[in-house]
Amino acid sequence: MNTKFSYKIFFGALVLMLYMMHTASTAQNSKTLKDGNKKMLKHDYRGALNEYDKVIEKYPNYAETYAHRALAKFKLDDQQGALEDVNKAISLDSNFYTAYTIRAQFNTAFKFFKDAVVDYTKCIELQPLNEMALYERGLARIEADENEGAIKDFEAAMKIKPEFTECIYQKGIARMRMKNYSAAIRDFNDYIKIKPNMAMAYLKRGICYDKTGQNYKACKDWLRASMRGLMEADALMKMKCK
């Protein structure tokens, strides 16, 4: 899993989630906080940080502002400051779901995968039917080499949202990590039936075929992946296919 890419996918959603939150807090009604939010959405992270500093100086016990500022600090490459702020947000509100999500994403980006699993577990405790939290914990568990748990998370996510087919692909990845290549092939078969143009699925299934001595099928899959623009498949074909 490309952790930087994963974080980028969810960073915008986290900013928007915080921006859209409604609360009766005095700080939420502050023009300064709203100005900071607008600057975040415009990628003016230094400007946003300055606005959040002003809010925190006036309202030092408001959890949401620390969560906003944590995101700004992360985008400014202040890893320690980002973690300190999101920890502060959680200390002020132990049921602040979004803060746990943010910290889990930070921990994923910083490769603290076991810590990310802990944070997603708290998210699931707060929102047991949140399929995205289960999916994200599954990804973190793969990186933490907790592949059995990852498979259970992906299956649980699909029980909540059956159309969440990316879980099928990730189950295949988890089983590859466990060297259970035959089971992984079955997962990739199911995924390819749903998404027949997904090049990476052909690449991974080809690797599993190769590991189980099915070179002909492996080469066919790598050719399919190559035809869909995956350069990694070309390299495998050159090494392993005649």
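Here the structure is a predicted model, which is why all the values come from computation and not from measurement.

1. Some thoughts on the overall build of the protein
Inference 1: The helix and strand tally for the protein stands at 14 helices and zero strands.
Inference 2: Each helix and strand of the protein, ordered N terminal to C terminal, gives the series α-α-α-α-α-α-α-α-α-α-α-α-α-α.
Inference 3: Of all 242 residues assigned to the protein, the portion counted as buried reaches 52%.
Inference 4: Residue pairs at least 24 apart in sequence account for 49% of intrachain contacts in the protein once pairs closer than 6 positions are excluded.

2. Some details on the side chain of asparagine 130
Inference 1: Assignment of secondary structure puts asparagine 130 in the loop between α7 (113-126) and α8 (131-143).
Inference 2: A residue is classified by how much of its surface remains accessible, and asparagine 130, at 17% relative accessible area, is buried.
Inference 3: Within the local environment of asparagine 130, its side chain forms a polar contact with the backbone nitrogen of alanine 133, the two atoms lying 3.1 Å apart.
Inference 4: Sequence-distant contacts of asparagine 130, that is, excluding residues within four places in its chain, are made with Tyr97 and Ile160.

3. Let's talk about the nonpolar core
Here is a general trend for soluble globular proteins: nonpolar side chains tend to be buried in one another's company.
Inference 1: If you look at the biggest cluster of nonpolar residues, it comprises 74 residues, and the most contacted ones within it are Phe106, Leu203 and Trp222.
Inference 2: In this structure leucine 203 touches Trp222, Ala225, Leu230, Glu232, Ala233 and Leu236, once residues within four positions along its chain are discounted.

4. Overview of the pattern of salt bridges
Inference 1: Counted by the stated rule, this structure contains 16 salt bridges.
Inference 2: Aspartate 85 is the salt-bridge partner of lysine 73, the closest N and O atoms lying 3.3 Å from each other. With a gap of twelve residues between them, lysine 73 in helix α4 (residues 63-75) and aspartate 85 in helix α5 (residues 79-92) connect regions that are remote in the sequence.
Inference 3: Its relative accessible area of 14% is what places lysine 73 among the buried residues.
Inference 4: When its relative accessible area of 4% is taken as the criterion, aspartate 85 is described as buried.

5. As for the state of the cysteines
Inference 1: Tallying each qualifying case throughout the model produces one disulfide.
Inference 2: Cysteine 219 shares a disulfide with cysteine 241; S-S distance 2.0 Å. Between cysteine 219 and cysteine 241 the sulfur-sulfur dihedral comes to about -100°; the bridge is accordingly left-handed. Residue cysteine 219 is found in helix α13 (residues 215-227), and its partner cysteine 241 is found in the segment after α14 (231-240); the two are separated by 22 residues along the sequence.
Inference 3: Looking at cysteine 219, the relative accessible area reads 15%, which means it is buried.
Inference 4: The buried category is assigned to cysteine 241, whose relative accessible area is 19%.

6. Let's talk about the confidence of the model for the protein
Inference 1: In this model, the protein carries a mean pLDDT of 90, and residues with pLDDT of at least 70 account for 88%.
Inference 2: Within the model, the stretch residues 1-9 combines pLDDT values under 50 with 16 contacts to residues more than four positions away or in other chains.

7. Here we look at the packing of α4 against helix α6 (residues 97-109)
Inference 1: Running from amino to carboxyl end, α4 crosses α6 at an angle of 20°, the nearest separation of the two axes being 11 Å. Taken as axis vectors, α4 and α6 run roughly parallel relative to one another. By crossing handedness, the relation of α4 to α6 is classed as left-handed. Residues Ala67, Ala70, Leu71 and Phe74 of α4 form the contact with α6, whose own contacting residues are Ile102, Phe106 and Ala109.

Analysis parameters
- Residues numbered from 1 in each chain as written.
- Predicted model: local features only at pLDDT ≥ 70, side-chain atom pairs only at ≥ 80, totals over all residues.
- Heavy atoms only, no water.
- Helix = DSSP H or I, 4+ residues; strand = E, 2+ residues; numbered from the N terminus.
- Buried < 20%, exposed > 50% of the residue type's maximum accessible area, 1.4 Å probe, protein only.
- Contact = heavy atoms within 4.5 Å.
- Polar contact = N/O pair within 3.5 Å; in protein donor to acceptor, adjacent residues only side chain to side chain.
- Core = buried A, V, L, I, M, F, W, Y, C linked by side-chain atoms within 4.5 Å.
- Salt bridge = Lys/Arg side-chain N within 4 Å of Asp/Glu carboxyl O.
- Disulfide = S-S within 2.5 Å.
- pLDDT = per-residue confidence, 0-100.
- Axes fitted to C-alpha atoms, helices over the stretch in contact; angles between N-to-C directions.
- Parallel < 35°, antiparallel > 145°, perpendicular 65-115°, else oblique.
- Left-handed = near helix turned anticlockwise from the far one by under 90°.

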